[in-house]
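A look at the structure
Next come the chains, spelled out residue by residue.
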Amino acid sequence: MAKKTAPSAGARIASKEKKATVKKSPKTQKPVELAAEKLFEETEDEWEDESDEEATKLKSKKVKAKKAKKVAVGLAEDDESSDESEGGHGFDLDLARLDESDSDSEMEDAEDKEESESEEDEEEEEIDIDDLSIGNSSDEEEIAATTRVRETINNKDALLAALKRIQLDTSSSVPFAYHQSVISATPTADAITSIDDDLARELAFMNQSLEAARRARTLLRKEGVPFTRPTDYFAETVRSDETMDKVKAKLIEEASAKKASAEARKQRDLKKFGKQVQVAKQQERAKQKRETLDKINELKKKRKEGASSALGATEADDIFDVAVENELKSGNSKKRSFSAGEHAPNAKRQKKDSKYGFGGKKKHLKSNDANSSADIGGFSAKRMKTGGGAGPKKAFKAPRLGKARRKAGKK
Amino acid sequence: MASVYKALSKSKGDQPDVEKDGANGGVKRNKQRVLILSSRGVTYRHRHLLNDLAAMLPHGRKDVKFDSKSKMYQLNELAELYNCNNVMFFEARKGKDLYMWFSKVPNGPTVKMHAQNLHTMEELHFTGNCLKGTRPVLSFDAAFEQEAHLKVIKELFLHMFGVPQGARKSKPFIDHIMGFSFADGKIWVRNYEVREVEKAKGEGKGDEESTNKGKKPKMGDKDTDVSLVEIGPRFVLTPIVIQEGSFGGPIIYENKRFVSPNQVRSELRKAKAGRHNVRAEQKREGLGKRASLGLLKNGEKKKDGTGLDTRELFA
């Protein structure tokens, strides 16, 4: 719309002059000179802080200049028509009007009203020259700044004309199946609080389309247009089967990964729980031991009290603490001497017990005696020759690694 | 004679791509054909997006890459050659930026848009799918009715993405919906599958199967509801310029808010360079300050050329 004006002095004048011409009403083309004079003074006071003397001087100057200059009519006109959106001083127009009337009175030439319109542009131009020369520097800067900004183009008339040229009829008079387009009731942007919030944004888009789908379906059904694809209707799809397989595989993979991680977490939790169980067991054992000791002490005390007068107790019993043994056996003793009825530990334990001993004297248990030295049952000459040793066939056993490396290796 | 008649009858209708359809009693037929092609230098993603769009448009005609970037008007001739009245042109620049041109061929308008955030159907692992060539329902944001340039863009989308009724390879059902939303000064394009799901209250299932599917004119509305599953592709368009003609003519709209990706990149680079400059400046200033205070170490000290240095004087 607005023309780009070169940032020269002339251009600045022209754009300045715009302001003056904007709100000029055609009915006040020829005001009375007196009234104009008054108005002029008023405006001068408010517009620029100039004295009346200056103003009058200015006026005479203008008139002179007007005769001399007959250029840039086209430019001025252009600018007048172009920028109507420039707001600004309400009094400028009065000033312009005044100038016009002044010049008309001075010049005796009978000029047509139509012509004078173009001339008033010139006059206004002159005004602005003076204004600028007097020094309204802030204005000057402002104008320069506005001319530098690249004007945006939005020619609505041309856009609508172009639209009209190609527009399809989507009014309610044509069947919906003709165009199949739905316009949402409310702008989608209203539903989006932040454009960076992916979930909310996509949800808003989907809601827009969902609403459209519902409306389209009712409209199409009303028109008797088939909407739903029958289940036995097969045709080529937009996304190939391979792609869909990939999608499916990915979904499955995701699901299984989730499941696996859940399982692993469960295992970890169990391990933690197992530790707790172990601690609890240890505590229970300690408690049992304490109870046993208490019981023994109690019994000893009891026996000391009625030692000699005991009924069934003999001297020997007393010496070997048979009662204590009995008492412990009746409770849950740890001593293992398994009778036939009692539950024996597992075979491995029994073997180990027999080999290394359980209870009793430990001293000299592993030392050889005559029989053991003579026994060569565990010896094999063949194995001796291969150099493998008596153990399993592992010829070389790797040294035990550090804990961290062992753990890493297990995974 | 026949050709004269044809020309005359054609010129009578003010809309060139809409013709009277004799069979349909006065309803104008929507005839659209879209030429879909790209420039040289597109990346695989751009190409896949183009393929996705072409797969969705049975009234589209895919052509080989167009060689020239300056002589865009040649596209008009090309479109005429293929009997197309729409052109969708993917212009790639610098092997990374994609600009999409949408044009009505004989006499405009043309919209140029910058495409961002492209995601093709394949790379989006959505579960939706639809038949090739079914007519989509086009869902437009209400914002498209509010401004003149958006109205034009909407009309172009309607012509290009909407499959015209009775198009050659189109299928008779509706199973997907294309959404065009306007947010943040950009147009967001989405594509969803329409799935019909049972509503909570069940009716007699047997008769539903036979009658409900598609053919039932009115009553089918009650028993099922629609749900959407996204198919893809996804992309975001920023309108840049609208020209009055087809690949030419005066510019009738220009988006002031659009910032070219080149500018964005250069700003980034400058910011990066700026960081270094600021640091270098600071270092220099610090050195100067220390020199003025006489705090410099021996290695850093400069000789002054006057010859009045104490060490020189009393050497």
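What you see is a predicted model, and the numbers here were worked out from it, not measured in a lab. Position labels on residues start from 1 in each chain and follow its written sequence. Starting at A for chains and at 1 for ligands, labels are handed out in the order in which the entities are written. Owing to the predicted nature of the model, reporting of local features is limited to residues with pLDDT of at least 70; listing and counting of side-chain atom pairs is limited to 80 or more, with chain, interface and lining totals taken over all residues. Side-chain measures here rest on the full set of heavy atoms in the structure, leaving out hydrogens and waters.

The next subject is the interface of chain B and chain A. The partner chain A presents 67 residues to the 86 residues of chain B that form the contact. The term buried area means the drop in 1.4 Å probe accessible area that two parts suffer when joined, counted for both and summed. Of the roughly 7000 Å² buried between chain B and chain A, counting both surfaces, carbon and sulfur atoms make up 60%. One side-chain nitrogen of Lys or Arg within 4 Å of one carboxyl oxygen of Asp or Glu is enough to make a salt bridge. On the surface where chain B and chain A come into contact, there are eight salt bridges. In this structure, Lys246(A) and Glu122(B) form a salt bridge, with 3.3 Å as the shortest nitrogen-oxygen distance. Pairing of N or O atoms within 3.5 Å defines a polar contact, subject to two protein rules: one partner must be a possible hydrogen donor and the other a possible acceptor, and residues neighboring in sequence count only if both atoms are side-chain atoms. Between chain B and chain A we count 34 residue pairs in polar contact (both at pLDDT 80 or more) in total. Any pair of residues with heavy atoms lying within 4.5 Å of one another is described as a contacting pair.

This brings us to a nonpolar patch on the surface. What makes a patch is a set of residues exposed beyond 30% relative accessible area and free of salt bridges, joined within 9 Å when like-charged and within 5 Å when nonpolar (Val, Leu, Ile, Met, Phe, Trp, Tyr). In these tables, accessible area is a Shrake-Rupley quantity obtained with a 1.4 Å probe, and a residue counts as shielded only by the protein chains included in the view. On the surface, a nonpolar cluster with roughly 280 Å² of combined accessible area is contributed by Leu270(A), Phe273(A) and Val277(A). Buried means the residue's accessible area, taken with a 1.4 Å probe over protein chains only, is under 20% of the maximum for its type, while exposed means over 50%, and partly exposed covers the values in between. Classification of Val277(A) as partly exposed rests on a relative accessible area of 40%.

Residue and element names in this part refer to chain B. On a range of 0 to 100, pLDDT expresses the predictor's confidence in each residue. Residues with a pLDDT of 70 or more make up 80% of chain B, whose mean pLDDT is 84. Predicted confidence for residues 12-25 stays below pLDDT 50, and this span has 24 contacts to residues more than four positions away or in other chains. Here residues 202-221 is modelled with pLDDT under 50, and outside its nearest four sequence neighbours on either side it reaches 27 contacts, counting other chains as well.

Attention now moves to the pattern of salt bridges. All names here are of chain A. According to the stated counting rule, one finds 22 salt bridges over all chains in the structure shown. Close ionic contact of Asp353 with Arg349 constitutes a salt bridge, the shortest N to O distance being 3.1 Å. Of this pair, Asp353 and Arg349 both sit in helix H14 (residues 347-356), four residues apart, roughly one helical turn. The class for Asp353 is buried, based on a relative accessible area of 12%. Secondary structure elements are taken from DSSP: a helix is a run of H or I of four residues or more, a strand is a run of E of two residues or more, and numbering for both begins at the N terminus.

Before going further, it helps to examine the packing of aromatic side chains. Each Phe, Tyr or Trp ring, with Trp reduced to its six-membered ring, pairs with another whose centre is within 6.5 Å; inter-plane angles below 30 degrees give stacked pairs, above 60 give edge-to-face pairs, and intermediate values give tilted ones. Scanning all chains against the criterion turns up twelve aromatic pairs over all chains. An angle of 45 degrees between the planes, with centres 5.5 Å apart, marks the rings of Phe205(A) and Trp188(B) as tilted. Placement of the pair is Phe205(A) in helix H10 (residues 198-223) and Trp188(B) in strand S10 (residues 186-198), with the two residues belonging to separate chains. Side by side, Phe205(A) and Trp188(B) carry an identical accessibility label, which is buried. Ring plane angle 80 degrees and centroid distance 4.9 Å describe the contact between Tyr233(A) and Phe173(B), whose orientation is recorded as edge-to-face.

Turning to the pairing of strand S12 (residues 234-243) of chain B, a few remarks are in order. All names here are of chain B. Across the ten residues of S12, ten count as buried, placing the element largely inside the fold. As judged from the eight bridges shared by strand S7 (residues 110-119) and S12, these two strands associate in the antiparallel manner. Opposite Ala115, over in S12, you have Leu237 as the bridge partner. Where S10 and S12 come together, three bridges link them in antiparallel fashion. By the bridge assignment, Trp188 is partnered in S12 with Val236. Paired strands are those between which DSSP finds at least two bridges.

Packed helix pairs are specified by the crossing angle of their axes together with the interaxial distance, meaning the distance between the axes. Note on geometry: axes are C-alpha line fits, over the in-contact stretch for helices, and angles between N-to-C directions span 0 to 180 degrees. At a minimum axis separation of 8 Å, helix H8 (residues 156-166) of chain A and helix H4 (residues 148-161) of chain B run at an interaxial angle of 20 degrees. The pairing of H8(A) with H4(B) is recorded here as roughly parallel in orientation. You can see that H8(A) and H4(B) cross each other, and the crossing is left-handed. Between H8(A) and H4(B), the residues in contact are Lys156(A), Leu159(A), Leu160(A), Leu163(A) and Ile166(A) and Ala148(B), His149(B), Lys151(B), Val152(B), Glu155(B), Leu156(B) and His159(B), respectively. Three residue categories are used. Nonpolar comprises Ala, Val, Leu, Ile, Met, Phe, Trp, Tyr, Cys and Pro, charged comprises Asp, Glu, Lys and Arg, and polar comprises the others, including Gly. In terms of residue class, the contact of H8(A) with H4(B) is made up of seven nonpolar, two polar and three charged. Under this scheme an angle from 65 to 115 degrees is roughly perpendicular, one under 35 degrees roughly parallel, and one over 145 degrees roughly antiparallel; angles in between are oblique. The sense of a crossing depends on the near helix, which, turned anticlockwise from the far helix by less than a right angle, makes the crossing left-handed and, turned clockwise, makes it right-handed.

Here we come to unusual backbone geometry. Residues and elements named next belong to chain B. Going from Gly108 to Pro109, the amide bond is cis rather than trans, its omega being 0 degrees. One can find Pro109 in the loop between strand S6 (97-104) and S7. Cis peptide bonds are those with omega within 30 degrees of zero, and the linkage from Gly232 to Pro233 qualifies with -5 degrees. Relative to the elements of secondary structure, Pro233 occurs in the loop between strand S11 (224-230) and S12. Positive phi, normally seen in glycine, also occurs at Lys94, with a value near 55 degrees. Inspection of the secondary structure assignment puts Lys94 in the loop between strand S5 (86-93) and S6.

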